[in-house]
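# Commentary on secondary and tertiary structure
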Amino acid sequence: MDIATIIGFVLGFGAVVGGAALEGLHLTALVQPTAALIVLGGTFGAAFVSFPMEVAINALKDVKKLIGNSPKNDELITEICGYASKARKNGIIALEQDAQNHKDRFMKKAISLSVDGVEPKDIRELMEIDLSASEEHAKMSAEFYEAAGGYAPTIGIIGAVLGLIHVMSNLEDTSKLGAGIAVAFVATIYGLITANIVCLPAATKIKHRIKDESVRKEIIIAGIVAIQNGENPRFIEERLKSYLGGHGGKAPADEEGGKK
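Note that the structure is predicted; figures quoted are calculated from it, not measured.

### A word on the overall build of the protein
When helices and strands are tallied, the protein shows nine helices and zero strands. Along the protein, helices (α) and strands (β) appear in the sequence α-α-α-α-α-α-α-α-α when read from the amino end. For the protein, the C-alpha radius of gyration of 26 Å lies well beyond 18 Å, the compact-globule estimate for 260 residues. Seen along its three principal axes, the alpha-carbon backbone of the protein occupies a region of about 90 × 35 × 30 Å.

### What about the packing of aromatic side chains?
One pass over the structure, following the stated rule, counts five aromatic pairs. Between the aromatic rings of Phe51 and Phe144, the centroid separation amounts to 5.7 Å while the plane-to-plane angle is 55 degrees, which identifies the pairing as tilted. Placement of Phe51 in the loop between helix H2 (33-50) and helix H3 (53-61) and of Phe144 in helix H7 (residues 120-168) is noted, with a sequence separation of 93 residues between them. The burial state of Phe51 is the same as that of Phe144; both residues are buried.

### Observations regarding helix H4 (residues 73-90)
Here H4 contains 18 residues, and its C-alpha end-to-end distance of 26 Å stays within 8% of the 26 Å for a straight helix at 1.5 Å per residue. For H4, the full list of buried residues reads Asn73, Leu76, Ile77, Ile80, Cys81, Tyr83, Ala84 and Ala87. Seen end-on, H4 carries its buried residues on one side only, within an arc spanning 155 degrees. Looking at H4, the residues exposed on the side facing more than 90 degrees away from the buried face are Glu75, Thr78 and Lys89. Gly91 sits one or two positions beyond H4 and adopts a positive phi of about 95 degrees.

### A short note on the environment of Leu40
As for its placement among the helices and strands, Leu40 is situated in helix H2. For Leu40, a relative accessible area of 43% corresponds to the partly exposed category. Distance in space between the C-alpha atoms of Leu40 and Ile111 is 45 Å, their sequence separation being 71 residues.

### Topic: the nonpolar core
Of all hydrophobic cores here, the largest spans 30 residues; its most connected members are Ile80, Met107, Ile111, Ile219, Ile220, Ile227 and Leu240. Of all the elements in the fold, those that place two or more residues in this core are H4, helix H6 (105-115), H7, helix H8 (177-228) and helix H9 (233-241). Counting residues per element, this core draws most heavily on H8, at nine residues. With near-sequence residues (within four places) excluded, Ile227 lies in contact with Ile80, Tyr83, Ala84, Ala87, Ile92, Leu95 and Ile236. Grouped together as the second largest cluster of nonpolar side chains are 17 residues, Ala59, Leu66, Ala147 and Ile206 included.

### Some points on the confidence of the model for the protein
In the predicted model, the protein carries a mean pLDDT of 86, and 91% of its residues have values of at least 70. Looking at the elements of the protein, mean pLDDT is at its lowest for helix H5 (residues 96-101), recorded as 84, and at its highest for H2, recorded as 93. Taken together, the stretch residues 246-260 has pLDDT below 50 and engages in 38 contacts with residues farther than four places along the chain or on a different chain.

### Structural notes on the side chain of Gln32
Here Gln32 is to be found in the loop between helix H1 (3-22) and H2. In this view, Gln32 contacts Val183, Val186 and Tyr190; residues no more than four positions away in its chain are not counted.

### So, a nonpolar patch on the surface
On the surface, Ile157, Ile158, Val161, Leu162 and Ile165 cluster together into a nonpolar patch covering about 450 Å² of accessible area. Structurally, Ile165 can be placed in helix H7.

### Section: the pattern of salt bridges
Where charged atoms from two side chains of opposite charge approach closely, those side chains can pair. Counted by the stated rule, this structure contains 13 salt bridges. The closest approach of N and O atoms between Lys86 and Asp98, which form a salt bridge, is 2.8 Å. Linking Lys86 in helix H4 with Asp98 in helix H5, this pair joins segments that are twelve residues apart in sequence. With relative accessibility at 32%, the residue Lys86 sits in the partly exposed group. For Arg239, the salt bridge is made with Glu231, and the minimal N-O distance between the two is 3.1 Å.

Definitions and cut-offs
- Residues numbered from 1 in each chain as written.
- Predicted model: local features only at pLDDT ≥ 70, side-chain atom pairs only at ≥ 80, totals over all residues.
- Heavy atoms only, no water.
- Helix = DSSP H or I, 4+ residues; strand = E, 2+ residues; numbered from the N terminus.
- Rg over C-alpha atoms; globule rule 2.2 N^0.38 Å.
- Phe/Tyr/Trp six-rings, centres within 6.5 Å; stacked < 30°, edge-to-face > 60°.
- Buried < 20%, exposed > 50% of the residue type's maximum accessible area, 1.4 Å probe, protein only.
- Expected span 1.5 Å × (residues − 1).
- Arc of directions from axis to C-beta.
- Core = buried A, V, L, I, M, F, W, Y, C linked by side-chain atoms within 4.5 Å.
- Contact = heavy atoms within 4.5 Å.
- pLDDT = per-residue confidence, 0-100.
- Patch = residues over 30% accessible without salt bridge, like charges linked within 9 Å, V, L, I, M, F, W, Y side chains within 5 Å.
- Areas by Shrake-Rupley, 256 points an atom, 1.4 Å probe, with all protein chains shown as cover.
- Salt bridge = Lys/Arg side-chain N within 4 Å of Asp/Glu carboxyl O.

If you want it as structure tokens, here you go:
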């Protein structure tokens, strides 16, 4: 579990509630189901209008990315080096069973192409196309939450205006004007919180997860291409470790012409 997400939500909501309490505000004043309905319903309703249903559903499913940690790339490198040693000893065809049993679709595809005797440059080309398509698909979830974060403050203002309309329609009872106006502005607070503590940070975290996954797939591509080239497992390990900086940069050596 990514503790940073939990800490972030606790600090974010805690700061708002704690600050309100220190100002002497009765916390029950911040609990307004009607305002929550307007802001959350309006925000995500607008987001659903903006994106196809498939994207919206995938974005909701990707909430798990906020609390899950990215896979460890050092373990992935160890796995690939194990494949390299096996292929060097028994031939590339020895990886056929590993390809069939692997749970990761990307790794399974890369190994299968290698076992089928596809040229290294063609493996790289096919897998990079797959990587690019996966990135574009995953980015849609981040865009969904960015859009929601953009709508939320405006929907909050709409909620505040609706509340003020209700207050102005009951001006005969002046004793309740102050409380009514305060309630109306809770919707604005909800809109700002939804945007700046929930939606926009969620979009940013999902983008980081996409980058982590891209680096992981680049490691797989470089590793399988190196195995297909028959390179030394120890050299493959050193090459792949160059990705562990987390920037996703290309390995310093040419994957097509590395040491044998």
